[in-house]
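Geometric and topological summary
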Amino acid sequence: VKSFNEALKAVGCPDALVIGSDLWPCRWGWKGYNHSSEIQEVARRIDERCPNALKIWKTANFLESRYPFYKCVDTNRHLAASLVPEAWYILDAWSITADPHLPKHGPHKVPISMMIGGRHMSPIGVRALSSSVLSLVSKDIKTRSPGALK
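Every value quoted in this text rests on a predicted model; they were computed, and no experiment measured them. (Residues numbered from 1 in each chain as written. Predicted model: local features only at pLDDT ≥ 70, side-chain atom pairs only at ≥ 80, totals over all residues. Heavy atoms only, no water.)

**A word on the overall build of the chain**
Put simply, the rule is: Each helix corresponds to a stretch of at least 4 residues labelled H or I by DSSP, and each strand to a stretch of at least 2 residues labelled E; elements are numbered beginning at the N terminus. Partly exposed describes any residue whose relative accessible area lies between the buried limit of under 20% and the exposed limit of over 50%, with all areas from a 1.4 Å probe on protein chains only and scaled to the type maximum. We call two residues contacting when some pair of their heavy atoms lies within 4.5 Å. Throughout, the Shrake-Rupley method with a 1.4 Å probe supplies accessible areas, and for residues the shown protein chains are the sole cover considered. Just so you know, the count uses Lys and Arg for positive and Asp and Glu for negative, and it drops His and the chain ends. The atoms used to mark charge sites are NZ of Lys, CZ of Arg, CG of Asp and CD of Glu.
Looking only at helices and strands, the chain has six helices and five strands in total. The C-alpha extent of the chain, read off along each of the three principal axes, is 50 × 40 × 30 Å. Counting across all 150 residues of the chain, residues that qualify as buried make up 37%. A fraction of 66% describes how many contacts in the chain between residues 6 or more apart in sequence connect residues 24 or more apart. Split by element, the accessible area of the chain, about 9,000 Å² in all, is 57% carbon and sulfur. In the chain, 20 side chains carry a positive charge and 13 a negative one; their mean positions are 5 Å apart.

**Quick word on the state of the cysteines**
Basically, it comes down to this: Cysteine sulfur atoms are paired as a disulfide whenever they come within 2.5 Å of each other.
With the rule as written, the count across this model stands at two disulfides. Disulfide pairing is shown between Cys13 and Cys50; the S-S distance is 2.0 Å. Taking the sign of the S-S torsion, -85 degrees for the link of Cys13 and Cys50, the bridge is left-handed. Taken together, the residues span a long stretch of sequence, with Cys13 in the loop between α1 (4–11) and β1 (16–20) and Cys50 in the loop between α3 (35–49) and β2 (54–58) at a distance of 37 residues.

**Details of the packing of α3 against helix α4 (residues 70–83)**
Threshold: Note on geometry: axes are C-alpha line fits, over the in-contact stretch for helices, and angles between N-to-C directions span 0 to 180 degrees. Any angle between 65 and 115 degrees counts as roughly perpendicular, while under 35 counts as roughly parallel, over 145 as roughly antiparallel, and the rest as oblique. Handedness of each helix crossing follows the sense of rotation of the near helix against the far helix: counterclockwise by less than a right angle gives left-handed, clockwise gives right-handed. For this scheme, ten residues count as nonpolar: Ala, Val, Leu, Ile, Met, Phe, Trp, Tyr, Cys and Pro. Four count as charged, namely Asp, Glu, Lys and Arg, and the remainder, Gly too, count as polar.
Orientation of α3 relative to α4, taken along the N-to-C sense of each, is 40 degrees, at an axis distance of 10 Å. Judged on the interaxial angle alone, α4 and α3 are oblique. For the element pair α3 and α4, the recorded crossing hand is right-handed. When α3 is examined against α4, the residues His35, Ser36, Ile39 and Gln40 are found in contact with a partner set consisting of Asn76, Leu79, Ala80 and Leu83. For the contact of α3 with α4, the residue count by class is four nonpolar, four polar and no charged.

**Focus: the environment of Arg45**
Structurally, Arg45 can be placed in helix α3. Taking C-alpha positions, Arg45 is 7.6 Å from Asn5, a pair spaced 40 residues apart along the chain.

**As for α4**
The cut-off we apply is this: Multiplying 1.5 Å by the residue count of a helix minus one yields the expected span of that helix.
Spanning 14 residues, α4 covers 20 Å between terminal C-alpha atoms, matching the ideal 20 Å at 1.5 Å per step. Buried residues along α4 sit in contact with α2 (24–28), α3, β2, β3 (89–91) and α5 (93–97).

**Describing the sheet that holds β2**
Put simply, the rule is: By the convention used here, strands pair only if DSSP detects at least 2 bridges between them.
Strand order across the open sheet formed by three strands is β1-β2-β3, with parallel pairing between neighbours. Strands with a single pairing partner mark the edges of an open sheet, and in this sheet they are β1 and β3. For this sheet, the mean angle separating the axes of adjacent strands, direction not counted, is 25 degrees.

**Regarding the side chain of His105**
Tracing the chain through its elements places His105 in strand β4 (residues 104–105). Contact partners of His105, with chain neighbours within four places excluded, come to Val110, Pro111, Ile112, Met114, Met115 and Ile116.

**As for the pairing of β2**
Along any regular strand, the residues point their side chains to alternate faces of the sheet. In plain terms, the rule: Handedness is read with the strands pointing away from the viewer; a crossover is right-handed when the path from the first strand over the helix to the second is clockwise.
With five of its five residues buried, β2 lies for the most part within the structure. Burial along β2 is two-sided: the face carrying Leu54, Ile56 and Lys58 and the face carrying Lys55 and Trp57 are both buried. Bridging between β1 and β2 involves five bridges; their strand directions are parallel. For Ala16, the partnering residue across the bridge sits in β2 and is Leu54. With three bridges joining them, β2 and β3 adopt parallel strand pairing. Across the sheet, the residue bridging to Trp57 is Ile90, located in β3. As a crossover connection, the stretch from β2 through α4 into β3 is right-handed.

This is the structure in structure tokens:
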């Protein structure tokens, strides 16, 4: 299995990249893992290899506060906003999937954008995130020269 970096070398750069946080490093508590270092290293490698690609950093999805790694995931979400270079867009999946205007369900009253259990997005959450990605991409297309993105 190739690493992400090896895949970019082999295939070349896409027009747009969406990459970002998830809850697994927090959930498993990997020894020696540093989220800040990972964010900076990934952003540096992608900027070096694909300087012209549209780059979007997606933060982690909303997580119920009852999970022991909730605080870690929320902290990582805020780190991304300060560590990702200015040329990157931040797609804050947390605020989208935790939208207070959405109806709630389940014993923990999670927004309907999340599946009961609180770690996975329901179809409405997927649609909300997809819509946000498309609006970032279309905003970026308007600022580039015609035909810049395939």
